[in-house]
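# What the coordinates show
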Amino acid sequence: MSLSKITTTVGLNIGTVDVGKARLMFWDLGGQEELQSLWDKYYAECHGVIYVIDSTDEERLSESKEAFEKVVSSEALDGVPILVLANKQDVETCLSIPDIKTAFSDCTCKIGRRDCLTQACSALTGKGVREGIEWMVKCVVRNVHRPPRQRDIT
Ligand SMILES: Nc1nc2c(ncn2[C@@H]2O[C@H](COP(=O)(O)OP(=O)(O)OP(=O)(O)O)[C@@H](O)[C@H]2O)c(=O)[nH]1
Ligand SMILES: [Mg+2]
């Protein structure tokens, strides 16, 4: 799909992807500030969270950290693995993983016992995306706190 055809997410985009033996159903939620209050409607039903950061947007990094803090503080997500994708790493001037981890350091203690990985990626080139998703599949499949539906594992 051409990048220019992707518009900001307002409703909910749903996509299904098979990774090995697992069938993943993605619920793509909008990140705009006024849409963030809708995220928690999906927490009880999800088996993993993928939180995407725009690594080129230093201005919104603190807003992103505040939003992430709410995500990791939510009881409805207790024990649910979280993949943090530091996207747009193809842009030369982007924030690095250490930069992002420093900005998000307040949240570390709220991550608790759940699995959490910060992965550098580029949706444009695809670099890092597969590694992140494969990590998520492993975490979801072995998660005793919220086991996946067996019909999604073949
Ligand atoms: N250079 C670069 N641009 C990207 C990358 N990923 C997305 N973009 C661009 O960033 C802009 C926003 O992308 P979206 O996919 O709409 O971002 P989003 O996080 O879904 O935004 P919301 O739906 O509003 O939450 C678009 O112009 C994309 O082309 C990337 O990895 N590298
Ligand atoms: Mg979107």
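The rules we used
- Residues numbered from 1 in each chain as written.
- Chains lettered and ligands numbered in written order.
- Predicted model: local features only at pLDDT ≥ 70, side-chain atom pairs only at ≥ 80, totals over all residues.
- Heavy atoms only, no water.
- Pairing = 2+ DSSP bridges.
- Helix = DSSP H or I, 4+ residues; strand = E, 2+ residues; numbered from the N terminus.
- Axes fitted to C-alpha atoms, helices over the stretch in contact; angles between N-to-C directions.
- Contact = heavy atoms within 4.5 Å.
- Buried < 20%, exposed > 50% of the residue type's maximum accessible area, 1.4 Å probe, protein only.
- 1 Å grid on protein atoms, 1.4 Å probe; cavity = no way out; pocket = protein on both sides within 12 Å on 5 of 7 lines; lining within 4 Å.
- Points joined across faces, edges and corners; volume = space filled by probe spheres on them.
- Nonpolar A, V, L, I, M, F, W, Y, C, P; charged D, E, K, R; others polar.
- Core = buried A, V, L, I, M, F, W, Y, C linked by side-chain atoms within 4.5 Å.

Under an unreviewed UniProt entry, the chain has the name ADP-ribosylation factor related protein 1 and belongs to Mus musculus.

## Things to note about the sheet that holds strand β5 (residues 116-120)
The parallel open sheet is built from three strands, whose spatial order is β3-β4-β5. Because the sheet does not close on itself, it has two edges, and the strands there are β3 (49-54) and β5. Ignoring which end each strand starts from, the neighbouring axes of this sheet average 20° apart. Of the pairings in the sheet, the one linking β3 to strand β4 (residues 82-87) comprises six bridges and is parallel in character. Note on β4: the bridge partner recorded for Y51 is V84. The strands that helix α1 (residues 61-73) touches are β3 and β4; relative to β3, the one it contacts most, it runs at about 170°.

## A short note on the environment of L124
Assignment of secondary structure puts L124 in the loop between β5 and α4 (129-142). Judged by relative accessible area, which is 52%, L124 ranks as exposed. Sequence spacing of L124 and K70 is 54 residues, and the spatial spacing of their C-alpha atoms is 28 Å. Sequence-distant contacts of L124, that is, excluding residues within four places in its chain, are made with L3 and D90.

## Observations concerning the layout of surface pockets
Gaps between atoms show up when a probe of the same size as a water molecule is rolled over them. Approximately 200 Å³ is the volume attributed to the second largest pocket. If you trace the second largest pocket, you find it lined by F68, V84, I100, K101, F104, S105, C107, T108, I111, C116, L117 and T118. In the lining of the second largest pocket, the residues fall into eight nonpolar, three polar and one charged.

## Some thoughts on the nonpolar core
Counting 22 residues, the largest nonpolar core has Y51, F68 and V71 as the members making the most contacts within it. Among the elements of the structure, β3, α1, β4 and α2 (97-103) are those that each provide at least two residues to this core. In terms of residue count, α1 provides more of this core than any other element does, five residues in total. The residues contacting V71, other than those within four sequence positions of it, are W39, Y43, V49, Y51, L77 and I82. The next biggest cluster of nonpolar side chains, apart from the first, holds twelve residues, and it includes C121, I133, W135 and V137.

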